[in-house]
Amino acid sequence: MDPSGLDAPGLRAPAADGPTPGLGAAALTTADLAAVVQEAVGRRVDLGEWQVTPVGGPATAISTEAVLQVHGLVRDGRTSLSWAVLVKILRSARHWPLIEVVPASVRQDFIDSFQWHVEADVLASDLPGRLPPGMRTPRVFRIDHLGNDRVALWLEYVNVADVAWDRARYVRAARLLGRWAARQATAMPVGRRPAPRASGLRVMAAGPLARKVFPQLRDDIVWSHPLLAATAERSLRHDLLTLANQVPALLDRLEALPGATGHGDACPQNLLVPQDAPDTFVAIDISWQQPEALGFDLGQLLVGRAHSGDLNVLAMPELHDALVLAYLQGLRDEDRDADPADVRYGCDAAMVIRSGFTSLPLDQLLQPPTPGFDAEVARRAALTRYVVDVGLALSR
């Protein structure tokens, strides 16, 4: 189902008990929609007018087909109440519009191995009940298997508080991520190092990095682009390629460290701050669920707002140290001991592999520039420089 093929959004009045328009294959009967709304508002109400509105721009994640807000009014006697729920439609990689960019020789293997349904599996599991106090997942109203390798999640629409991501909030998030990891830690025999484990980072390195990103970084045309030539230090290309050669060693060391299954993509954008409890977080987009080294989640927490331009790179070194200390405290909160050097390595090496080579907007450099793109290239070059320096320090 192509989101562009959804019925045009607009105001809808309650109708007979047929399929609800505007939701394509995720449509419910009016009675089922009313049941969802009643669960969302917490009482019996009469369904009034409602509409469907796409959330954000076009979906970019391979597994995300559409994210929609379904919202409207209900009547409770003479009182009208507003409501909103989120509908997220997940899909197999075979429905991804850019699947043709995957080489034909490996395309079917990619489709078969791509775990597009993990978020649905996580929300239907017991994980939400095992998260530490202060961290939760959205409420789930229903999960519909649509057939044809698609799933629709009907979720709580979180009203996000208008608050700053200051140092205290970062530290609170890192501590809770440490507690989360401790609760999901890989068992380790007494007196022995853990056995090496499969890693999503290794898949990433062998796939997108090796097949696309590293060749781009070796391309003279990329580095001759005026914006990149004007903003990136001359040594950046050399250092990126040096670091690329070190990725296998980074992976080997990471896989030998104590591990846990945490959030997996714990950038601030995926840790929503709810209006009704602004000292807590609602964790969304939980789909990277392979065990990784302790500290893994910290890299995304640190880089997320720097990547979007909302955190100055100059603030990253001090924040970096604070996040590691807070994460270690979270582990201790759950009576989990860990070597601080291991946690720091887990943070830094994972951050290098996930963000060091992909923060530069390489694909956009080959497209017509948009307003403000020069400033974005400069910001991303500074972020890349920071992450690369962190990576090069790991081998010293």
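Report on the accompanying structure. Throughout this document, residue positions are counted from 1 along each chain, in the order its sequence is written. In keeping with the predicted nature of the model, local features appear solely for residues at pLDDT of at least 70, side-chain atom pairs appear and are counted solely at 80 or more, and the whole-chain, interface and lining totals rest on all residues. Excluding hydrogens and water, the side-chain figures rest on all heavy atoms present in the structure.

Counting its secondary structure elements, the chain contains 13 helices and 10 strands. The principal-axis extent of the C-alpha atoms belonging to the chain is close to 70 × 55 × 40 Å. Burial classification: accessible surface area is computed with a 1.4 Å probe over protein chains only, and a residue below 20% of its type maximum counts as buried, one above 50% as exposed, and the rest as partly exposed. By residue count, 49% of the 396 residues in the chain fall in the buried class. A sequence separation of at least 24 residues applies to 71% of the contacts in the chain between residues at least 6 apart. Only the protein chains shown count as cover for residues, and the accessible areas themselves come from Shrake-Rupley with a 1.4 Å probe. A total of about 18600 Å² of accessible surface is found on the chain, and carbon and sulfur atoms cover 53% of it. All tallies of charge rest on Lys and Arg as positive and Asp and Glu as negative; His and the ends of each chain are not included. Lys charges are placed at NZ, Arg charges at CZ, Asp charges at CG and Glu charges at CD. Taken as two groups, the 39 positive and 46 negative side-chain charges of the chain have centres that lie 2 Å from each other. Under the scheme used here, helices are H or I runs from DSSP no shorter than 4 residues and strands are E runs no shorter than 2 residues, and both carry numbers assigned from the N terminus. By definition in these notes, contact holds between two residues if any of their heavy atoms fall within 4.5 Å.

This paragraph deals with helix H5 (residues 200–217). Expected helix span is taken as 1.5 Å per residue step, with the number of steps being one fewer than the number of residues. Compared with the 26 Å implied by 1.5 Å per residue over 18 residues, the 22 Å span of H5 between its first and last C-alpha is markedly short. Looking at the buried positions of H5, the neighbouring elements they touch are helix H6 (220–223), helix H8 (235–255), strand E10 (292–293), helix H9 (296–307), helix H11 (340–356) and helix H12 (362–365). Two N or O atoms count as a polar contact when they lie within 3.5 Å, although within protein this holds only if one can serve as hydrogen donor and the other as acceptor, and sequence-adjacent residues are included solely when both atoms are side-chain atoms. The N-cap residue of H5 is Ser199: its side-chain oxygen and the backbone nitrogen of Leu201 are 3.0 Å apart.

Aromatic ring pairs are reported here in terms of the distance separating the ring centres and the angle at which the planes meet. Side-chain rings of Phe, Tyr and Trp, where Trp is taken by its six-membered ring, are said to pair if the distance between their centres is within 6.5 Å; with planes under 30 degrees apart they count as stacked, over 60 as edge-to-face, and otherwise as tilted. Inspection of every chain in the model, using the stated rule, returns 5 aromatic pairs. Both rings, one in Trp165 and one in Phe281, keep their centres 5.6 Å apart while their planes meet at 35 degrees; by these two values the pair is tilted. Here the residue Trp165 occupies a position in the loop between strand E6 (150–156) and helix H4 (167–183), and Phe281 occupies one in strand E9 (residues 281–283), the gap between them amounting to 116 residues. On the basis of relative accessible area, Trp165 is assigned to the buried category, the value being 15%.

Moving on: the packing of H9 against helix H13 (residues 373–393). Viewed as axis vectors pointing N to C, H9 and H13 meet at an angle of 160 degrees, and their least axial separation amounts to 10 Å. With respect to each other, H9 and H13 are oriented roughly antiparallel. Here the hand of the crossing between H9 and H13 comes out right-handed. Packed against H9, whose contacting residues are Leu302, Val303, Ala306 and His307, the element H13 presents Arg380, Leu383, Tyr386 and Val387 at the interface. Polar here means any residue other than Ala, Val, Leu, Ile, Met, Phe, Trp, Tyr, Cys and Pro, which are nonpolar, and Asp, Glu, Lys and Arg, which are charged; Gly is therefore polar. The residue makeup of the contact of H9 with H13, split by class, is 6 nonpolar, 1 polar and 1 charged. In this analysis, axes come from line fits to C-alpha atoms, helices being fitted only over the stretch in contact, and the angle between any two N-to-C directions falls in the range 0 to 180 degrees. We call two directions roughly parallel when the angle between them is under 35 degrees, roughly antiparallel when it is over 145, roughly perpendicular when it lies between 65 and 115, and oblique otherwise. Left-handed describes a crossing whose near helix is turned anticlockwise from the far helix by less than a right angle; the clockwise case is right-handed.

Turning our eyes to something else, we now look at the pattern of salt bridges. Counted as salt bridges are all cases of a side-chain nitrogen of Lys or Arg within 4 Å of a carboxyl oxygen of Asp or Glu. Tallied over the entire structure, the rule returns 28 salt bridges. Note that Arg150 is salt-bridged to Glu65, the shortest N-O span being 2.8 Å. Of this pair, Arg150 sits in strand E6 while Glu65 sits in strand E2 (residues 64–76), placing them 85 residues apart in sequence. Pair check on accessibility: Arg150 and Glu65 agree, each one buried. With its nearest N and O atoms 2.7 Å apart, the salt bridge here joins Asp333 to Arg175. Remark: Arg175 occurs in helix H4 and Asp333 occurs in helix H10 (residues 316–333); sequence separation between them is 158 residues. The structure contains a network of salt bridges with shared partners spanning Glu233, Asp239, Arg385 and Asp389.

Relative to the helices and strands, Gln300 is located in helix H9. Exposure remark for Gln300: the relative accessible area of 13% places this residue in the buried category. One polar contact links Gln300 to Asp265, side chain to side chain, over a distance of 2.9 Å. Residues in contact with Gln300, not counting those within four places in the same chain, are Asp265, Ala266, Cys267, Pro268, Arg354 and Ser355.

Time to look at the packing of H9 against H11. Between two packed helices, the angle of one axis relative to the other and the distance separating the axes together describe the packing. Following both chains from N to C, one finds H9 and H11 inclined at 60 degrees, their axes separated by 7 Å at the closest point. In terms of orientation, H9 lies oblique with respect to H11. Crossing of H9 against H11: the hand is right-handed. Across the interface between the two elements, Phe296, Leu298, Gly299, Gln300, Leu302 and Val303 from H9 touch Gly346, Cys347, Ala350, Met351, Arg354 and Ser355 from H11. Class assignment of the residues belonging to the contact of H9 with H11 gives a composition of 7 nonpolar, 4 polar and 1 charged.

Strands were regarded as paired on the criterion that DSSP finds at least two bridges between them. For E2 and strand E3 (residues 79–91), the ladder comprises 12 bridges, and the chain directions are antiparallel. Bridge assignment links Thr64 to a residue of E3, and that residue is Leu90. Between the end of E2 and the start of E3, which pair antiparallel, lie 2 residues, with Gly77 showing a positive phi angle near 70 degrees. Where E3 lies against E6, 7 bridges are found, and the strand directions are antiparallel. By the bridge assignment for E6, Leu90 is matched with Val151.

What follows deals with the sheet that holds E9. Strand order in the open sheet formed by 3 strands is E4-E9-E8, with mixed pairing between adjacent strands. Of all the strands in the sheet, the pair left with one neighbour each is strand E4 (135–136) and strand E8 (271–272). Bridging between E4 and E9 involves 2 bridges; their strand directions are parallel. Bridge assignment links Arg136 to a residue of E9, and that residue is Val282. H4 contacts E4, E8 and E9 of the sheet and is inclined by roughly 50 degrees relative to E9.

Taken in spatial order, the 5 strands make up an open sheet running E1-E2-E3-E6-E5, and their pairing is antiparallel. Each end of this open sheet is capped by a strand with a single partner; those strands are strand E1 (46–54) and strand E5 (140–145). Neighbour-to-neighbour, the strand axes of this sheet turn through a mean angle of 20 degrees, independent of strand direction. With 7 bridges connecting them, E1 and E2 associate as antiparallel partners. Bridging across to E2, Asp46 finds its partner in Arg75. On the sheet, helix H1 (residues 30–41) packs against E1, E2, E3, E5 and E6 and is oriented at approximately 150 degrees with respect to E5.

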